[in-house]
Amino acid sequence: MRLLTLLTLPALLAAFGPQMGTAPRPLTRLHQRKTTKTFEADRFAIPKITPSSFPSMPCSIYPGVQSGKALMDLLQDAKNRGYAMPAVNVISSSSINAALESARANDAPIMIQFSSGGAQFYGGRGLDNSNLQAAIAGAISGAFHVRTMAEQYGVPVILHTDHCSKKLLPWIDGLIEASERYYEKHGEPLFSSHMIDLSEEPIGENIEVCKGYLERMSKIGMVLEMELGITGGEEDGVNNEGCAKEDLYSKPEEIYE
């Protein structure tokens, strides 16, 4: 069992849903409303969409990638109403579209995320990834696709990146820099959030590194997810196959720290 830790108290609370077995309430179809948000369709002269909202959700939530207050309101709404948002790792424009189509068919928000390997695949095998350039470029390219198409599908999206070990931190550095530049122009980050997985490192180092990233990211309305303890099996080069079963569970003393 993994502990999902979203740094900032409201998001931390939102990460722990209500009692198991609580039936989620279906979301309601979109309806028109006035909004001051600038959509990607406006920025890139894509045929206009009708600004909409989910009337059964907080009015800050809109079709497209969420950040800042809208992101926090969406996480809190999930906790309050007892529904889960699947986090789908994508590797191509077609897998992004499939995730968005499924969310639209179920009238629900969704988390779309890239791993470093998935981002590199999105960029293409012809790119040199020795300095993680291909993974950075692929994730940024995919982010623009998600931002553009989420509006067209009329779906609220949390745009996230999955596990990032210590050796992959330059990948996150590149993506945060892209979000900072995007924020300077548009008043919102390119991504909603990132995950840092330093579970292989001492917990003190884990917390200290994540603290630095959180301070940087919070300035532009982003959320940080960190990993405590270990993950089972193997993921993105972190191998915990064969570990003791009790180590798969979150330790209260680490959560407290």
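As a starting point, this report considers the structure included with it. All values derive from a computational prediction rather than experimental measurement. (Residues numbered from 1 in each chain as written. Predicted model: local features only at pLDDT ≥ 70, side-chain atom pairs only at ≥ 80, totals over all residues. Heavy atoms only, no water.)

Each helix and strand counted, the protein chain has 9 helices and 11 strands in total. Per-residue burial for the protein chain yields a buried fraction of 46% across its 257 residues. For the protein chain, restricting intrachain contacts to residue pairs at least 6 apart in sequence, the fraction spanning at least 24 positions comes to 71%. Carbon and sulfur atoms form 56% of the exposed surface of the protein chain, whose accessible area is close to 12,500 Å². (Helix = DSSP H or I, 4+ residues; strand = E, 2+ residues; numbered from the N terminus. Buried < 20%, exposed > 50% of the residue type's maximum accessible area, 1.4 Å probe, protein only. Contact = heavy atoms within 4.5 Å. Areas by Shrake-Rupley, 256 points an atom, 1.4 Å probe, with all protein chains shown as cover.)

Here strand 8 (residues 193-196) shows two buried faces, one formed by Ser 193 and Met 195 and the other by His 194 and Ile 196. Relative to strand 9 (residues 223-227), strand 8 is paired through 4 bridges, and the arrangement is parallel. By the bridge assignment, His 194 is partnered in strand 9 with Leu 224. For the crossover that starts at strand 8, traverses helix 8 (residues 203-218) and ends in the parallel strand 9, the hand is right-handed. (Pairing = 2+ DSSP bridges. Right-handed = clockwise from strand over helix to strand, strands pointing away.)

Our focus in this paragraph is the nonpolar core. One recurring pattern in soluble globular proteins is that nonpolar side chains are buried together. Of all hydrophobic cores here, the largest spans 43 residues; its most connected members are Ile 96, Ile 112, Phe 114, Val 157, Trp 171, Phe 191 and Tyr 213. Breaking this core down by element, the ones donating at least two residues are helix 4 (93-105), strand 6 (110-114), helix 5 (116-123), helix 6 (133-153), strand 7 (156-161), helix 7 (169-186), helix 8 and strand 9. Here Trp 171 is in contact with Phe 114, Ser 115, Ser 116, Ala 119, Leu 132, Ala 135, Ile 136, Ala 139, Thr 161, Asp 162, His 163 and Cys 164, once residues within four sequence places are set aside. Core analysis: the second largest hydrophobic core is formed by 12 residues, Met 57, Met 72, Leu 75 and Ala 78 among them. (Core = buried A, V, L, I, M, F, W, Y, C linked by side-chain atoms within 4.5 Å.)

This part takes up the packing of helix 6 against helix 7. Two numbers describe how helix 6 lies on helix 7: the axes approach to 9 Å, and their chain directions differ by 40°. Judged by the inter-axis angle, helix 6 sits oblique to helix 7. Here the hand of the crossing between helix 6 and helix 7 comes out right-handed. Together, Ala 135, Ile 136, Ala 139, Ile 140, Phe 144 and Arg 147 of helix 6 and Pro 170, Trp 171, Gly 174, Leu 175, Ala 178 and Tyr 182 of helix 7 make up the contact between the two elements. Considering only residue class, the contact of helix 6 with helix 7 consists of 10 nonpolar, 1 polar and 1 charged. (Axes fitted to C-alpha atoms, helices over the stretch in contact; angles between N-to-C directions. Parallel < 35°, antiparallel > 145°, perpendicular 65-115°, else oblique. Left-handed = near helix turned anticlockwise from the far one by under 90°. Nonpolar A, V, L, I, M, F, W, Y, C, P; charged D, E, K, R; others polar.)

With that settled, consider the pairing of strand 7. Across the 6 residues that make up strand 7, a large majority, 6, are buried. Side chains Pro 156, Ile 158 and His 160 of strand 7 all project onto a buried face; the interleaved residues Val 157, Leu 159 and Thr 161 project onto the opposite face, where all are buried too. Two elements, strand 6 and strand 7, share 5 bridges in a ladder whose sense is parallel. Opposite Phe 114, over in strand 7, you have Thr 161 as the bridge partner.

All right, on to the sheet that holds strand 6 then. Taken together, the 4 strands give an open sheet; going across it, the order is 4-7-6-5, and neighbouring strands pair in parallel fashion. Strand pairing shows two members of the sheet lacking a second neighbour, strand 4 (64-65) and strand 5 (87-89), which therefore form its edges. The pairing of strand 5 with strand 6 spans 3 bridges and is classified as parallel. Bridge pairing in strand 6 links Val 88 to Ile 112. Packing of helix 6 onto the sheet brings it into contact with strand 4, strand 6 and strand 7, and relative to strand 7 it is tilted by some 170°.

Right, let's get into the side chain of His 160. Relative to the helices and strands, His 160 is located in strand 7. Here His 160 falls in the buried class, since its relative accessible area comes to 1%. At 2.8 Å, the side chain of His 160 and the side chain of Glu 225 are in polar contact. Leave out the neighbours within four places in its chain, and His 160 touches Met 111, Ile 112, Gln 113, Phe 114, Ser 193, His 194, Met 195 and Glu 225. (Polar contact = N/O pair within 3.5 Å; in protein donor to acceptor, adjacent residues only side chain to side chain.)

We now examine the side chain of Glu 40. The topology assignment puts Glu 40 in helix 2 (residues 40-43). The class for Glu 40 is buried, based on a relative accessible area of 1%. Setting aside its immediate chain neighbours within four residues, Glu 40 contacts Ile 46, Arg 147, Thr 148, Glu 151 and Tyr 182.

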